[in-house]
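Chains, contacts and geometry: an overview
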Amino acid sequence: MNTFHNYQPSPHRQRALRARGEQGWVLLATVVLSAVAASLTVTWARHAVLQKSQLEMSSGASEAEEATRSGLERTREKMRRGSPPGSEADGEEDIVTTDSGDVIICEREVDPDERSCKRRVRARSHKPGKDFNLDFKESASARGRCRVQPGSGGGAAGGRITRVDCSTGASVIAASDLIVISGNATYANTTILGVFLLEAGAELTLDKVVLQGGIVTRAGLCDDTSPQSGGARPRVNLVGGTHINPGYTLKDIAIMAPDAVVVADSNARINLHGFIAADEIDFECRGSLHGMVVAETELNIGSKIVRPGESRGARDFPDTIVPGAEVMTSISFPEDVPSEAELDLMETYDANS
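These remarks concern the structure in this document. (Residues numbered from 1 in each chain as written. Predicted model: local features only at pLDDT ≥ 70, side-chain atom pairs only at ≥ 80, totals over all residues. Heavy atoms only, no water.)

Once that is clear, we can look at the nonpolar core. The nonpolar side chains of a soluble globular protein tend to be buried, and buried together. Counting residues in each nonpolar core, the largest one holds 32 residues, and the members touching the most others are Phe-196, Ile-215, Leu-238, Ile-270 and Phe-283. Of all elements in the fold, only strand S9 (184-198), strand S10 (203-217), strand S11 (235-239), strand S13 (253-264), strand S14 (269-273), strand S15 (275-283) and strand S17 (293-301) reach the threshold of two or more residues within this core. Broken down by element, the residue count for this core peaks at six residues, all from S13. If we ignore the near neighbours within four places in the chain, the residues touching Leu-238 are Leu-206, Val-262, Val-263, Ala-264, Asp-265, Ala-268, Ile-270, Leu-272 and Phe-283. Within the second largest apolar cluster, 17 residues are counted, among which are Cys-117, Val-195, Phe-275 and Val-294. (Core = buried A, V, L, I, M, F, W, Y, C linked by side-chain atoms within 4.5 Å. Buried < 20%, exposed > 50% of the residue type's maximum accessible area, 1.4 Å probe, protein only. Helix = DSSP H or I, 4+ residues; strand = E, 2+ residues; numbered from the N terminus. Contact = heavy atoms within 4.5 Å.)

Attention now goes to the pattern of salt bridges. Counted by the stated rule, this structure contains 18 salt bridges. Close ionic contact of Glu-73 with Arg-76 constitutes a salt bridge, the shortest N to O distance being 2.6 Å. Here Glu-73 pairs with Arg-76, and both are found in helix H2 (residues 61-80), just three residues apart, close to one helical turn. The partner of Arg-124 in a salt bridge is Glu-107, with the nearest N and O atoms 3.7 Å apart. Of this pair, Arg-124 sits in strand S3 (residues 118-127) while Glu-107 is found in strand S2 (residues 103-110), placing the two residues 17 residues apart along the sequence. Glu-107 sits in the buried class, given a relative accessible area of 9%. Here the residues in one salt-bridge network are Glu-73, Arg-76, Glu-77, Arg-80 and Arg-81, joined through shared partners. (Salt bridge = Lys/Arg side-chain N within 4 Å of Asp/Glu carboxyl O.)

Inspection of the secondary structure puts Glu-326 in strand S20 (residues 325-332). Side chain to side chain, Glu-326 and Arg-108 meet in a polar contact 2.8 Å long. Within polar-contact distance, the side chain of Glu-326 engages the side chain of Arg-119 at 3.0 Å. For Glu-326, the contacting residues outside a window of four places in its chain are Met-79, Arg-80, Arg-108, Arg-119, Val-148, Gln-149 and Arg-160. (Polar contact = N/O pair within 3.5 Å; in protein donor to acceptor, adjacent residues only side chain to side chain.)

Here we take up the packing of aromatic side chains. Going through the model one piece at a time under the given rule, you end up with one aromatic pair. The interplanar angle of 55 degrees and the centroid separation of 5.2 Å between the aromatic rings of Tyr-187 and Phe-196 together place this pair among those described as tilted. On the basis of relative accessibility, which here comes to 0%, the residue Phe-196 falls in the buried class. (Phe/Tyr/Trp six-rings, centres within 6.5 Å; stacked < 30°, edge-to-face > 60°.)

Attention shifts here to the sheet that holds S2. Hydrogen bonds between backbone atoms are what pair the strands of a sheet, whose relative direction is either parallel or antiparallel. Strand order in the open sheet formed by five strands is S1-S2-S3-S6-S20, with antiparallel pairing between adjacent strands. Two strands in the sheet have a free side with no partner beyond their single neighbour: strand S1 (94-97) and S20. Between one strand axis and the next, the sheet turns by 30 degrees as a mean value, whatever way the strands run. As judged from the eight bridges shared by S2 and S3, these two strands associate in the antiparallel manner. Considered in S3, the bridge of Val-110 is made with Arg-119. (Pairing = 2+ DSSP bridges. Axes fitted to C-alpha atoms, helices over the stretch in contact; angles between N-to-C directions.)

We now examine unusual backbone geometry. Despite not being glycine, Asn-189 shows a phi value in the positive range, around 50 degrees. When you line up the elements, Asn-189 lands in strand S9. Unusually for a residue other than glycine, Asp-252 sits at a positive phi of about 60 degrees. Looking at where Asp-252 falls in the secondary structure, it is placed in the loop between strand S12 (241-245) and S13.

In total, this model carries one disulfide according to the counting rule given. Here Cys-166 is linked by a disulfide to Cys-222, with a sulfur-sulfur distance of 1.9 Å. In this structure the cystine formed by Cys-166 and Cys-222 twists about its S-S bond by roughly 80 degrees; its chirality is therefore right-handed. Note that Cys-166 is positioned in helix H3 (residues 166-173) and Cys-222 in the loop between S10 and S11, a separation of 56 residues in sequence. For Cys-166, a relative accessible area of 33% translates into the label partly exposed. Cysteine Cys-146 shares no disulfide, and the gap to the nearest cysteine sulfur, in Cys-117, comes to 9.8 Å. (Disulfide = S-S within 2.5 Å.)

See the structure below:
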C-alpha cells in the first residue's frame, strides 16, 4: 500500500522563498523606473535645447553672441600664425564686417605683469541699423585672460618670428665671450665657453664639442634686424657627440637663431639644454632635448630623440623670449563686476518714468 505525504517546507524556508521573490520584483521595478526616468530626462533636455534655440532665434541675441565667439576664435588663429591684433587704444585692433552686417572688433594685449606668457583678449560685435523705426543695436562682448607659449610656423605663415627682447639682445652683443662667425668655421674635440653669433651666410660645424653658452643670429636678438632668407640663412651642423649648456650671457637658451638652418648628422648624438628656436630644424639622430623647440618653417625631430617633459601640458619658457606665433594653452573669462558708479546709477533708475 502506497502512502503519500504532503511535503510542507519549514517556516524558515517559506520566508526565504518569499524574500527571494520580493527581491526579484524590487529589481524589476527599479529597472523599469530607471528607464522611465532616463526617458523623461532626455525628453526634457531635448525640449530645453529646442526652446533655447527658438528663443535665441526669435530674439536675435544668438547671432551677436556667435559673432563674438567667432571673433575670439579669429584672434586665437591670428595669434597662432604670428599676426595677432593689438588693442583699440593703440589703433591696432582687428575689425571685421560679416556678410550679415555684424561688425566684430578683436583685441589682444600683452599682460604687463606677465609679459612672456599672459595675454588679454577681447571680442565685441554689434549690428548697426534700425528696427521698427527705433534705434536698435544688437551687441555682445567677451573678454578673457589666456596663457600662451611660443609656437612653430609663425615665419611660414608670414607672421612674426620668435626672438629675445632687445635689452637681452643688446647685452649679448656687448658680452666679452661673444664669438662672431662670418664665414665657415669648424670646431672639433673641444670645450668652448661663449656665445656664437652667426652672420649672414655663415656656417658653423660642431664635432664632438661641449659648448657652454649658445648660438644666436642678429634677427634673434631684436626686431630691428630683418631675418635672413634663402641662401643667406646661417647654418649649424651638429656632428658626433655635441652638448650645449646655456651660460650666464644667454640664460636658459641654447639656440636663438630664427633665421638659421640647424641640422644634426644622422650618426650624431646630441644633448641640448635650454630653449631652441631656428628657421629649419632637422634632428634625425640620437640624443635628448631638454627644453622647448620652435621652428619657423620646418621641424623634424626623429623618434630616437628623447624629450623629457614633452606632451605633459604647457611648458615654461624664459621670460626674455618674445614669441612670434603664440599658442593659446588656457583661457579664463573673469566675471564683470559693476563699478560703484554703475551700482549708484542702477539704484537711482526709475523704471516707471
